[in-house]
Amino acid sequence: MKDSLDENNPRKAWMSVLAKAPEGRVPALLDTVGERPVFTWLRAPEVGSTMIRGRAGGTGAPFNLGEMTVTRCALTLATGEVGHAYVQGRRKVDAEAAALVDAMMQTEAADLLRSSVLSPLEEEQAAAKTARAAKAAATKVDFFTMVRGED
Amino acid sequence: MYVAVKGGERAIENAHAWLAEERRGDTNVPDLSVVQIREQLTLAVNRVMAEGSLYDPDLAALAIKQSRGDLIEAIFLIRAYRTTLPRFGASLPVDTGAMSCDRRISATFKDLPGGQVLGPTFDYTHRLLDFKLAAEGDVPAAPTREAELGEVPHVTDFLNREGLIEEAPRQDTPPPDLTREPLEMPAERALRLQALTRSDEGFTLGLAYSTQRGYARNHAFVGELRIGTVPVEMDIPELGFAVEIGEVTLTECETVNQFMGSKSEPPQFTRGYGLVFGQTERKAISMALVDRALRWEELGEENVGAPAQDAEFVLYHADNIQATGFLEHIKLPHYVDFQSELELVRKLRREAGADQVQEAAE
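Residues numbered from 1 in each chain as written. Chains lettered and ligands numbered in written order. Predicted model: local features only at pLDDT ≥ 70, side-chain atom pairs only at ≥ 80, totals over all residues. Heavy atoms only, no water.

Peer 1: What should I look at first to understand the overall build of chain B in this one?
Peer 2: Helix and strand counts for chain B stand at 13 helices and six strands. Seen through its C-alpha atoms, chain B measures out along the principal axes to roughly 85 × 65 × 55 Å. Buried positions account for 40% of the 362 residues belonging to chain B. Expressed as a percentage of contacts within chain B between residues at least 6 apart in sequence, the contacts between residues at least 24 apart total 65%. For chain B, the exposed area adds up to about 21200 Å²; of that, 56% sits on carbon and sulfur atoms. (Helix = DSSP H or I, 4+ residues; strand = E, 2+ residues; numbered from the N terminus. Buried < 20%, exposed > 50% of the residue type's maximum accessible area, 1.4 Å probe, protein only. Contact = heavy atoms within 4.5 Å. Areas by Shrake-Rupley, 256 points an atom, 1.4 Å probe, with all protein chains shown as cover.)

Peer 1: Honestly, the overall build of chain A in this entry has me stumped. Any pointers?
Peer 2: Scanning chain A from N- to C-terminus turns up four helices and three strands. Each helix and strand of chain A, placed in order from N terminus to C terminus, yields the pattern α-α-β-β-β-α-α. Relative to its length of 151 residues, chain A is extended, with a C-alpha radius of gyration of 21 Å against a globular reference of 15 Å. Judged by the C-alpha coordinates and their principal axes, chain A covers about 85 × 35 × 30 Å. For chain A, buried positions account for 51% of its 151 residues. (Rg over C-alpha atoms; globule rule 2.2 N^0.38 Å.)

Peer 1: Mind showing me how you'd approach the pattern of salt bridges here?
Peer 2: Two side chains bearing opposite charge may form a pair once their charged atoms approach each other closely. Going through the model one piece at a time under the given rule, you end up with 43 salt bridges over all chains. A salt bridge links B:E51 to B:R47; the shortest N-O distance between them is 2.8 Å. Of this pair, B:E51 and B:R47 both sit in helix 3 (residues 42-52), four residues apart, which is roughly one turn of that helix. Of the residues examined, B:E51 reaches a relative accessible area of 1% and is grouped as buried. Taking the shortest distance from any N to any O, the salt bridge between B:D172 and B:R170 comes out at 3.3 Å. A relative accessible area of 51% places B:D172 in the exposed class. One connected set of salt bridges, linked through shared partners, spans A:E67, B:R82, B:R87 and B:D177. (Salt bridge = Lys/Arg side-chain N within 4 Å of Asp/Glu carboxyl O.)

Peer 1: Help me understand the interface of chain B and chain A in this model?
Peer 2: For an interface, size is often stated in terms of accessible area lost upon the parts coming together. Between chain B and chain A, the contact holds 76 residues from the first and 57 residues from the second. Summing both partners gives a buried area of about 6100 Å² for chain B against chain A, and 58% of it is carried by carbon and sulfur. Looking at the side of chain B facing chain A, the largest losses of area belong to B:F88, B:R145 and B:E244, adding up to 12% of the total buried there. Counting every contact that joins chain B to chain A gives eleven salt bridges. Viewed at the interface, chain A and chain B are joined by 36 residue pairs in polar contact (both at pLDDT 80 or more). Considering each element in turn, the side of chain B that touches chain A owes the most residues, eleven residues, to strand 5 (residues 241-260) of chain B. Its residues assigned to classes, the side of chain B that touches chain A comprises 39 nonpolar, 16 polar and 21 charged. (Buried area = accessible area lost by both parts, 1.4 Å probe. Polar contact = N/O pair within 3.5 Å; in protein donor to acceptor, adjacent residues only side chain to side chain. Nonpolar A, V, L, I, M, F, W, Y, C, P; charged D, E, K, R; others polar.)

Peer 1: Explain the domain arrangement of chain B to me, please; I cannot follow it from the model alone.
Peer 2: All names here are of chain B. Examined at the domain level, chain B breaks down into domain 1 (9-82) and domain 2 (96-120 + 151-167 + 176-324). When each unit is reduced to the centre of its C-alpha atoms, the spacing between domain 1 and domain 2 is 29 Å. Each partner contributes residues to the interface: domain 1 has 14 residues there, and domain 2 has 20 residues. Between domain 1 and domain 2 the total buried area reaches about 1400 Å² when both faces are included, carbon and sulfur atoms providing 59% of it. On the domain 1 side of the interface with domain 2, the three residues burying the most area are E51, Y55 and R79, jointly 40% of the side's total. Our count for the domain 1 to domain 2 interface comes out at two salt bridges. Taking the shortest distance from any N to any O, the salt bridge between D319 and R79 comes out at 3.1 Å. Remark: the boundary between domain 1 and domain 2 carries six residue pairs in polar contact (both at pLDDT 80 or more). Here the element with the most residues in the side of domain 1 that touches domain 2 is helix 3; it accounts for six residues. Residues belonging to the side of domain 1 that touches domain 2 are distributed by class as follows: eight nonpolar, two polar and four charged. (Domains from an automatic or database assignment.)

Peer 1: For this particular structure, what's the right way to read the nonpolar core?
Peer 2: Ranked by size, the top nonpolar core spans 96 residues in total, and within it A:L18, B:I245 and B:L250 carry the most contacts. With eight residues, helix 3 (residues 92-104) of chain A is the largest single contributor of residues to this core. Built from parts of two domains, this core gets at least three residues from each of domain 1 (9-82) and domain 2 (96-120 + 151-167 + 176-324) of chain B. Excluding residues within four positions of it along the chain, B:I245 makes contact with A:A19, A:T50, A:M68, A:V70, A:Y86, A:V87, A:Q88, B:V232, B:M234 and B:I236. (Core = buried A, V, L, I, M, F, W, Y, C linked by side-chain atoms within 4.5 Å.)

Peer 1: Just to check I follow, could you spell out the environment of B:A195 for this structure?
Peer 2: Residues and elements named next belong to chain B. Along the chain, A195 turns up in helix 7 (residues 189-197). Residues A195 and T179, spaced 16 residues apart in sequence, show a C-alpha to C-alpha distance of 9.7 Å. Ignoring anything within four residues of it in the chain, the contact list for A195 reads L178 and L315.

Peer 1: Teacher, can you tell me more about the side chain of A:T50 here?
Peer 2: Structurally, the position occupied by A:T50 is in strand 1 (residues 39-55). According to the relative accessible area criterion, A:T50 is buried, its value standing at 0%.

Structure follows, in structure tokens:
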């Protein structure tokens, strides 16, 4: 599955997990880690859109399907690490927290953040996905053949 | 002579104040929250996102509340808001083959890998009003079974293996965007699909139905209908790689249509395609049928003059915001226009001797 950790690019993987977190979840988990580090904005949080594309026939030429709202920001920690965030929706507070996590994942705090922020998010996202898939599985049709009258 | 007038400001203000009061309704009834609309009128929210062409369930729910449930008005609000957003970029094309499916059915194959998964559907309900819903109460939890988490292959893949259906070969030309360039004819398929995915559901349904009834009949089967979530991935220039920036629910419909063949190619099935924001299957099926009808030229079919084959007719009339904008503007003051018409008809009547006719009658 695409959602699992990308071994080759761990940053891509954690940014994806942060982007898909439910509203308020990243700030809440980040604040369990302790005081937030000092930072300056490279780009203050701003709301914009991304044009989502599909492919004709699922696999053919791309076409524009419609836009989605996205919030992005970038910041620099006092120690120099740069954090970026692109998160779905209009969520400036969440984008700020996601960019902080992205920056802090490049510091010595990485292990702590992985266990306190990223792993819980991954587990929650996997659990939500499994719960939905379990309901879908219960609506799968089991066909059975009626006794034929050929004998 | 026409004399310019001003006025109506107070009347307009008061009309809007009354509108707000009517929107709220009886204050003894609790106010409806935006979250309630988002969670409980989900299919209305989905329609507003699809036709508003902006995926944001909270904004769509707010628009529905503000518009008193008038979905075209809500779509209008979303379209207007959309134009205020800076565009950060375009996503990589979503991979619907990797969809986490809530629903996935095929009307052409009974036994297919991944199975027939009904999902939360109105199909097979008896369409009888459920008076239990009029009383408040908890809903029992939906039954579950062991989850199957693998990717579900597209049905057309099986037919492709035998060469029985036309392929949709991968291409990566950047598509035209009708939100940036005005829609012009002839419109290539990418542009038609963009126009159709945001088109009015009722108009698209009517056109699709017309093809089933014989106007450019191409006998569609629903090869596959799937509803579920896909991740949206975008290249981030400042990072130099793509990240998932969110997840959207989509409905995808692939039709398998009447076959074509030629001297060089053996007969094979053709395809129509629908992909729409949200759980919107009536719209996705309609889109696939209309997409297929519009492909007549490329597939070497006869133009029988059916409305659904006429790209200009379909695409220029499918957008409900354009349509309602032009339609509803005729109720706004046209005093000057009308004054000139009035002068003209009086003049014509004078010339036709209508005054004498009137006198004679008296």
